[in-house]
Amino acid sequence: NAGVTQTPKFRILKIGQSMTLQCTQDMNHNYMYWYRQDPGMGLKLIYYSVGAGITDKGEVPNGYNVSRSTTEDFPLRLELAAPSQTSVYFCASRLGLAGGDNEQFFGPGTRLTVL
Amino acid sequence: RKEVEQDPGPFNVPEGATVAFNCTYSNSASQSFFWYRQDCRKEPKLLMSVYSSGNEDGRFTAQLNRASQYISLLIRDSKLSDSATYLCVVILSGGSYIPTFGRGTSLIVHP
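Reference entry: report on the structure contained in this document. Computed from a predicted model, the values in this text were never measured in an experiment.

1. Structural notes on the overall build of chain B
Summing up its helical and strand segments, chain B has 0 helices and 11 strands in all. Each helix and strand of chain B, ordered N terminal to C terminal, gives the series β-β-β-β-β-β-β-β-β-β-β. With the C-alpha coordinates aligned to their principal axes, the bounding extent of chain B is approximately 45 × 30 × 25 Å. Relative to its 111 residues, chain B shows a buried fraction of 43%. Taking all contacts inside chain B whose residues are at least 6 apart in sequence as the whole, residues at least 24 apart take part in 57%. Accessible surface, chain B: about 5300 Å² in total, of which carbon and sulfur atoms supply 47%.

2. Concerning the pattern of salt bridges
All names here are of chain A. For the coordinates displayed, the defined rule picks out 6 salt bridges over all chains. When the shortest N-O distance is used, the salt bridge between D38 and R36 registers 2.9 Å. Owing to a relative accessible area of 22%, D38 belongs among the partly exposed residues under this scheme. Residue classification places R36 among the buried positions, given a relative accessible area of 11%.

3. Observations regarding the state of the cysteines
Residues and elements named next belong to chain A. Inspection of the entire model under this criterion finds 2 disulfides over all chains. A sulfur-sulfur distance of 1.8 Å marks the disulfide that ties C23 to C91. Note on the C23 and C91 pair: the S-S dihedral is about -70°, so by sign convention the disulfide is left-handed. Here C23 is found in strand β3 (residues 19-25), whereas its partner C91 is found in strand β9 (residues 87-94), with 68 residues between them in sequence.

4. Quick word on the sheet that holds β3(A)
All names here are of chain A. Spatially, 4 strands are ordered β1-β3-β8-β7 in an open sheet, and the strand pairing comes out antiparallel. A single partner strand is all that each edge strand has here, and the edge strands are β1 (4-7) and β7 (64-66). For this sheet, the mean angle separating the axes of adjacent strands, direction not counted, is 20°. Examined bridge by bridge, β1 and β3 share 4 bridges and lie antiparallel to one another. The partner of Q6 across the bridge, within β3, is C23.

5. Some details on the sheet that holds strand β3 (residues 19-25) of chain B
All names here are of chain B. The 5 strands are arranged β1-β3-β8-β7-β6 in an open sheet whose pairing can be described as antiparallel. The open sheet has two free edges, formed respectively by β1 (4-6) and β6 (55-57), since each of these has just one partner strand. Each strand of the sheet is rotated relative to its neighbour by a mean of 20°, with strand direction disregarded. Two elements, strand β7 (residues 60-65) and strand β8 (residues 70-75), share 6 bridges in a ladder whose sense is antiparallel.

Criteria and thresholds
- Residues numbered from 1 in each chain as written.
- Chains lettered and ligands numbered in written order.
- Predicted model: local features only at pLDDT ≥ 70, side-chain atom pairs only at ≥ 80, totals over all residues.
- Heavy atoms only, no water.
- Helix = DSSP H or I, 4+ residues; strand = E, 2+ residues; numbered from the N terminus.
- Buried < 20%, exposed > 50% of the residue type's maximum accessible area, 1.4 Å probe, protein only.
- Contact = heavy atoms within 4.5 Å.
- Areas by Shrake-Rupley, 256 points an atom, 1.4 Å probe, with all protein chains shown as cover.
- Salt bridge = Lys/Arg side-chain N within 4 Å of Asp/Glu carboxyl O.
- Disulfide = S-S within 2.5 Å.
- Pairing = 2+ DSSP bridges.
- Axes fitted to C-alpha atoms, helices over the stretch in contact; angles between N-to-C directions.

Fair warning: the whole summary comes from geometry, so function is off the table for now.
See below:
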């Protein structure tokens, strides 16, 4: 299993540009998450999904969109990039059996800079 | 009050020392608890789950105190390789099981 993969690893955007951060997991996990982590700070939840076709907002969803058309893929879309979106983005997945005691598996992250 | 709070540190300790971190959570309905480790510029990885009765994994011991709403992580015989940021994660019961992360505690183990 490759686990959770993210592309690209690094990206520099200009203000107002758009891009999609890709996330794929091959563990047949139900739950998937997008987080951002600013320097010296914890992870903040952007969006999450409990299964294909179902997505919901997290703590900081403004400026982002997601879709979950398959179990494996959970892309994150930035429509109009702003400097405040400069961050490291982590995708994670979790099996999601009843009960909360399932660990999250994280991708390696995408480092995004908006200039 | 933040949902999950941790002392950011850094905790500077010599090799061989014992160090302990606490993490407090605000919601008494919290159900599941974890410690994750994050190395610099890397993704978080599960260190250990925290069970009500407490649990140990080698040099690491995790404990839960529901009455005072905190979890702890004890590291014995610290190694240089233990230098990292330790993230506390709490999941509320019911609903969608959304994990809430603390901002992490930085540990630096020096020779």
